[in-house]
Amino acid sequence: MKKWIKWIGVGMIIFISAAAIVLYALSAAGPPDTTVSRSTIFYAADGTKASEAHTGEKRYWVELDEISPSVMDAVIAIEDKKFYHHFGLDLKRIAGALIADMKAMAKVQGASTITQQYARNVFLTHDKTWSRKLKEAWYATRLEFFYTKDEILEGYLNTVYFGHGAYGIEAASRFYFNKSADELTTSEAALLAGIPKGPSIYSPLVSREKAEDRRRLILSEMNLPEKEYANAIAEVPDITGAFTDNKTTAPYFIDAVRAELESLGFREQSGLKVYTTLNPKHQKAADEAIANGIASGAKVEAALVSINPSNHFVTALSGGRDYSVSPFNRAVQALRQPGSLMKPFLYYAALENGFTPVTMRKSEPTTFNETYKPKNFNSQYAERNVTMAEALAVSDNIYAVKTNMLLGPETLAKTAQQFGMTSKLEPVPSLALGTSGVSVLDMTNAYASIASGGSYSDPVFITKVESTDGVVLYKYKKKVKQRFDEKKIGVLTHMMTGMFDGAMSDYATPTGAAMTDKLTRPYAGKSGSTPFDYWMAGFTPSAVSVVWTGYDDGAEITKTEDRARAKVIWSDYMEHIHKGKKPALFTRPDGLTAVAIDLKSGKLASEDCPHGHLMLFESGTEPDQSCPPAVKNDEELLFPDLPDWFR
């Protein structure tokens, strides 16, 4: 007897020592990291879902109280009835499985608890080997040591695979039934609980018969009240079989959001809720305008960006005609020559240097620096002095290059950068005609600074980022600052309305005159073109948009219809997003004076020159003489000793 007592004592010491070693090892190992990749959800400005990011695995993390209790009852009933009573391993089931495996000389029977399955889902592979089972047992024990049963069950339900790319009960519920997990009925819960045993076998989309047999089996194991059981058996769940909310409504926009998300320091695959500035109505209008503005067989591409000038929020962005064909984002990634879209920045710089809308230069064929010979469109020249307002309306290139060279090309480059151009701008005479590449996004944001009265901010895509459980990780703080002189911006804006006024010139047609029959409200804008790129930019007080069209390979645009597409798309988009809204006039800042001007002389309209055009001036800079008396050109007064070609 004493001998047996001795051996029992030794055994107890060994057991206690082993237990102590295990506990020490568990404590030293610490809690296992149960973080898994989760889908990041992108929301539009109106709160609707715009897209989500995942790598083939649809994942949403929901807490237990956001899951129907029937799901938990069904899963425990079929997977692990003793879940709340074991320490992660069911020794009785393991013993039974070992006997079965030894008889078959192979791994034929499973004994995994919910905890073990959770460990496998997060940390291990699903191969049937003894080494994997040992690791599984170790991780399961660690999970039980550091986490509560409810935390383990929640983790399991959020990581288990339900087939067809759906990971977790919320993704499965949305996929199979188009509803959230907290809305599942008992019958639906039982059907889903049966899938993880073998998604390729028990998915109702693979075999409805096998899925139904397993649903009935699970219901019978749930110990339901008789009436509830009868109702659940009789209810045959209606399968949706698709992620009905999976379509990305603005793929190019979302790509730009992802880039901003990364710049903010967030990992996309981390279960984030990203709230964006996307206006779904604007995006739909943008996509439709591009689709309607370009024939299906045409090779020309397009990009459109729209911004709210009051806060520089990007409301729509289309980087091409079809994301599935080409995900290259032409609105953000492409640098294309903007042509005459650079002229408003040039003329803002001119206003800063003492010019007014009636500063005059001669429009005629001109050679600069003995070699540079820019031409006007269709070689149309006034062969007389023209005002800056008229030159902007008809996009006179000679006037622009003269102004650029007078101010110095470095001035235009610096001014354009102040407006937000991030690409390199070559300070050369031709910069006035847009010979340095820029992005559509930069150009739109620059025009937004004009439309806003001179305020600047970087373009904004993201207003808030939250974790899965709603913790705010980032919130946009308004960074709009008044960067430009409000009065000069007011003068410039009024000059930019001239492109839509057919009476602004008698030697060339204003560049937007042909569009006016499609426009229902005041716009300010500027068109631009090179042999390879056609642009249209413009705004109202509430919205700015810029459209680019061209070929991806940089080929010359020779077809007449392709040259007109940018304006067609722009007018279609702007009219669509303003439909039903009362036309708004541009705000006139204090300190401006409106006077009627004779376009040919640049002087005040009079009885001798009765056909005046209303123009805005900073008070005190308006002409003080009426036509027709002739005086020296304004540039001669401002800049003495001008070369001959400035006359």
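Residues numbered from 1 in each chain as written. Predicted model: local features only at pLDDT ≥ 70, side-chain atom pairs only at ≥ 80, totals over all residues. Heavy atoms only, no water.

A. The arrangement of the overall build of the chain in detail. Within the chain, the secondary structure is distributed over 22 helices and 19 strands. Counting only contacts in the chain whose residues sit at least 6 apart along the sequence, the fraction spanning at least 24 positions is 69%. Just so you have it, the chain exposes about 29,900 Å², and 54% of that area is on carbon and sulfur atoms. (Helix = DSSP H or I, 4+ residues; strand = E, 2+ residues; numbered from the N terminus. Contact = heavy atoms within 4.5 Å. Areas by Shrake-Rupley, 256 points an atom, 1.4 Å probe, with all protein chains shown as cover.)

B. View of the packing of helix α10 (residues 208–221) against helix α11 (residues 226–234). Where α10 meets α11, the closest approach of the two axes is 10 Å, and the angle between their N-to-C directions is 170 degrees. One element, α10, and the other, α11, form an angle in the roughly antiparallel class. When α10 is examined against α11, the residues R215, R216, L219 and S220 are found in contact with a partner set consisting of Y229, A232 and I233. (Axes fitted to C-alpha atoms, helices over the stretch in contact; angles between N-to-C directions. Parallel < 35°, antiparallel > 145°, perpendicular 65-115°, else oblique.)

C. Broad picture of helix α13 (residues 280–293). The end-to-end C-alpha distance of α13 is 20 Å, a good match for the 20 Å that 14 residues give at a rise of 1.5 Å each. Taken together, the buried residues of α13 touch α12 (251–263), β6 (301–308), β7 (313–318) and α21 (565–578). Put simply, N279 is the residue that caps the front of α13, since its side-chain oxygen is 3.0 Å from the backbone nitrogen of K281. (Expected span 1.5 Å × (residues − 1). Polar contact = N/O pair within 3.5 Å; in protein donor to acceptor, adjacent residues only side chain to side chain.)

D. Looking closely at the pattern of salt bridges. Scanning all chains against the criterion turns up 20 salt bridges. We note a salt bridge from E188 to K179, for which the minimum N-O separation is 3.1 Å. Close ionic contact of K424 with E426 constitutes a salt bridge, the shortest N to O distance being 3.7 Å. (Salt bridge = Lys/Arg side-chain N within 4 Å of Asp/Glu carboxyl O.)

E. Expanded view of the packing of aromatic side chains. Taken as a whole and judged by the stated rule, the model has 18 aromatic pairs. An angle of 85 degrees between the planes, with centres 4.9 Å apart, marks the rings of F175 and Y176 as edge-to-face. Of the two residues examined, F175 and Y176, each falls in the buried class. Three or more aromatic residues joined by ring pairs form one cluster here, namely F345, Y348, F419, Y447 and F484. Taking NZ or CZ as reference, R483 lies 3.9 Å from the ring centre of Y456, over its face. (Phe/Tyr/Trp six-rings, centres within 6.5 Å; stacked < 30°, edge-to-face > 60°. Buried < 20%, exposed > 50% of the residue type's maximum accessible area, 1.4 Å probe, protein only. Lys NZ or Arg CZ within 6 Å of the ring centre and 35° of its normal.)

F. Structural detail: the nonpolar core. Grouped together as the largest cluster of nonpolar side chains are 97 residues, with contacts concentrated most on F253, L317, F345, Y347, M443, Y447 and F461. When residues of this core are assigned to their parent elements, the largest contribution, eight residues, is made by helix α18 (residues 440–451). Apart from the residues within four sequence positions on either side, M443 is in contact with P338, L341, M342, F345, M421, V438, W535 and V546. Judged by nonpolar contacts, the second largest core, of 38 residues, contains A190, L191, I195 and M222. (Core = buried A, V, L, I, M, F, W, Y, C linked by side-chain atoms within 4.5 Å.)

G. How the structure looks around the sheet that holds strand β15 (residues 533–539). Ordered in space as β7-β6-β16-β15-β14, the five strands form an open sheet in which the pairing is antiparallel. Taken across any chain shown, the strands that pair with only one partner, and hence form the sheet edges, are β7 and β14 (524–529). Going from strand to strand, the sheet's axes swing by 10 degrees on average, the running direction of each strand aside. With seven bridges connecting them, β15 and strand β16 (residues 544–550) associate as antiparallel partners. (Pairing = 2+ DSSP bridges.)

H. A look at the confidence of the model for the chain. Averaged over every residue, the pLDDT of the chain is 84; residues scoring 70 or more account for 81%. Counting interchain partners and residues more than four positions distant, the pLDDT-below-50 stretch residues 124–128 has 12 contacts. In the predicted structure, residues 635–647 sits below a pLDDT of 50 and forms 27 contacts with residues beyond four places in sequence or in another chain. (pLDDT = per-residue confidence, 0-100.)

I. Representation of the state of the cysteines within the structure. This model, assessed by the stated rule, comprises one disulfide. Paired through a disulfide, C609 and C627 show a sulfur-sulfur distance of 1.8 Å. With C609 in the loop between β18 (603–604) and β19 (613–618) and C627 in the loop between β19 and α22 (634–638), the pair connects residues that are 18 residues apart, well separated along the chain. Overall, C609 belongs to the buried group, its relative accessible area being 12%. Relative accessible area serves as the criterion here: at 2%, C627 is assigned to the buried category. (Disulfide = S-S within 2.5 Å.)

J. Molecular detail of the sheet that holds strand β17 (residues 592–598). If you trace the three strands from one edge of the open sheet to the other, you get β18-β17-β19, paired in antiparallel fashion. Bordering the open sheet on either side are β18 and β19, each of which pairs with just one other strand. Of the pairings in the sheet, the one linking β17 to β18 comprises two bridges and is antiparallel in character. Looking at β18, one finds that D598 is bridged to K603. Contacting β17 and β19, helix α19 (residues 486–496) crosses the sheet at an angle of about 165 degrees to β19.

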